[in-house]
Amino acid sequence: MPTKVRLIRVAVCVVLSGGLLWAQGAAFIPDRDVRERKAKLKSLADELLRTSDTHRRVMLRQKMVELDTLKDQGGFAIEAFVYLYRQGLKTDPKTHRKDVNARLQAVIGLSSISHPAMVREIRAMMSDESEAVRLRVLKGIHDNAIIRAWEQVIPQLDDPNIEVRIW
């Protein structure tokens, strides 16, 4: 009987030790680090929305793309770029315009990310009202060779804009 208890204890120790080794080897990222990274990305997106300087916006987008990867894992900036895109769809109460440049920055940023979740998000942007955004989505799909996106792209070939149809 005592040997069975010892075997169980040894087995539990081995499993726990294996879990710790796996977590270290698999680039385990603590939740706190993930939350901090996502908060930083959201603050950069908010800063991008506050500025109207295009050069500053490009620099902020590039910084967001750089912060997408944490410990060799990517996809952290997707949520921030989707937030940026949705904010760009809202009408500004002062100018009564939507922020097309913010949506373009979001699409360009998403196109720069190599993560499976990016595909779903960028395909949803194909129905944007702005021709420039739709063209940029098509360029992102083309540049990243997103084969699965073409099923949603083909219906867009009857787009009123000739450039969108050509892409």
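Whatever comes next refers back to the structure up there.
These figures come from a predicted structure and were not determined experimentally. (Residues numbered from 1 in each chain as written. Predicted model: local features only at pLDDT ≥ 70, side-chain atom pairs only at ≥ 80, totals over all residues. Heavy atoms only, no water.)

### As for the pattern of salt bridges
So, point 1. Counted by the stated rule, this structure contains 9 salt bridges.
So, point 2. Here arginine 32 and glutamate 36 are joined by a salt bridge, their closest N and O atoms 3.5 Å apart. Of this pair, arginine 32 and glutamate 36 are both found in helix H2 (residues 31–50), 4 residues apart, which corresponds to roughly one turn of the helix.
So, point 3. Assessed through its relative accessible area of 49%, arginine 32 is described here as partly exposed.
So, point 4. The class of glutamate 36 is partly exposed, set by a relative accessible area of 46%.
So, point 5. Notably, a salt bridge pairs lysine 38 with glutamate 79, separated by 3.6 Å at the nearest N-O pair. Of this pair, lysine 38 sits in helix H2 while glutamate 79 sits in helix H4 (residues 78–89), placing them 41 residues apart in sequence.
So, point 6. For lysine 38, a relative accessible area of 31% translates into the label partly exposed. (Salt bridge = Lys/Arg side-chain N within 4 Å of Asp/Glu carboxyl O. Helix = DSSP H or I, 4+ residues; strand = E, 2+ residues; numbered from the N terminus. Buried < 20%, exposed > 50% of the residue type's maximum accessible area, 1.4 Å probe, protein only.)

### A short note on unusual backbone geometry
So, point 1. One non-glycine residue with positive phi stands out, namely histidine 96, at about 60°.
So, point 2. For histidine 96, the location among the structural elements is in the loop between H4 and helix H5 (100–111).
So, point 3. On the basis of relative accessible area, histidine 96 is assigned to the exposed category, the value being 63%.

### Quick notes on the side chain of serine 130
So, point 1. Along the chain, the position of serine 130 falls in the loop between helix H6 (116–124) and helix H7 (131–143).
So, point 2. Look past the residues within four positions of serine 130 in its chain and what remains in contact with it is Val100 and Arg103. (Contact = heavy atoms within 4.5 Å.)

### Examining the nonpolar core
So, point 1. Counting residues in each nonpolar core, the largest one holds 32 residues, and the members touching the most others are Leu41, Met64, Ile78, Phe81, Leu84 and Val137.
So, point 2. Taken together, the elements giving at least two residues each to this core come down to H2, helix H3 (54–66), H4, H5, H6 and H7.
So, point 3. With 6 residues, the single largest contributor to this core is H4.
So, point 4. Those residues in contact with valine 137, other than ones at most four positions away along the chain, are Val107, Ile122, Met125 and Met126. (Core = buried A, V, L, I, M, F, W, Y, C linked by side-chain atoms within 4.5 Å.)

### Thoughts on the packing of H3 against H5
So, point 1. Their axes nearest at 10 Å, the elements H3 and H5 cross at an angle of 30°. Comparing the axis directions of H3 and H5 gives the class roughly parallel. In the packing of H3 onto H5, the handedness of the crossing is right-handed. Contacts between H3 and H5 involve Thr54, Arg57, Val58, Arg61 and Val65 on the former and, on the latter, Asn101, Ala102, Gln105, Ile108 and Gly109. (Axes fitted to C-alpha atoms, helices over the stretch in contact; angles between N-to-C directions. Parallel < 35°, antiparallel > 145°, perpendicular 65-115°, else oblique. Left-handed = near helix turned anticlockwise from the far one by under 90°.)

### Things to note about the packing of H2 against H4
So, point 1. It is at 9 Å that the axes of H2 and H4 come closest, and there the two elements cross at 25°. Classified by the interaxial angle, the pair formed by H2 and H4 is roughly parallel. As H2 runs across H4, the sense of the crossing is right-handed. Along its contact with H2, which presents Lys38, Leu41, Lys42, Ala45, Asp46, Leu48 and Leu49, the element H4 presents Glu79, Ala80, Tyr83, Leu84 and Gln87.
So, point 2. Class assignment of the residues belonging to the contact of H2 with H4 gives a composition of 7 nonpolar, 1 polar and 4 charged. (Nonpolar A, V, L, I, M, F, W, Y, C, P; charged D, E, K, R; others polar.)

Everything listed is a geometric property; what it means functionally is a separate question.
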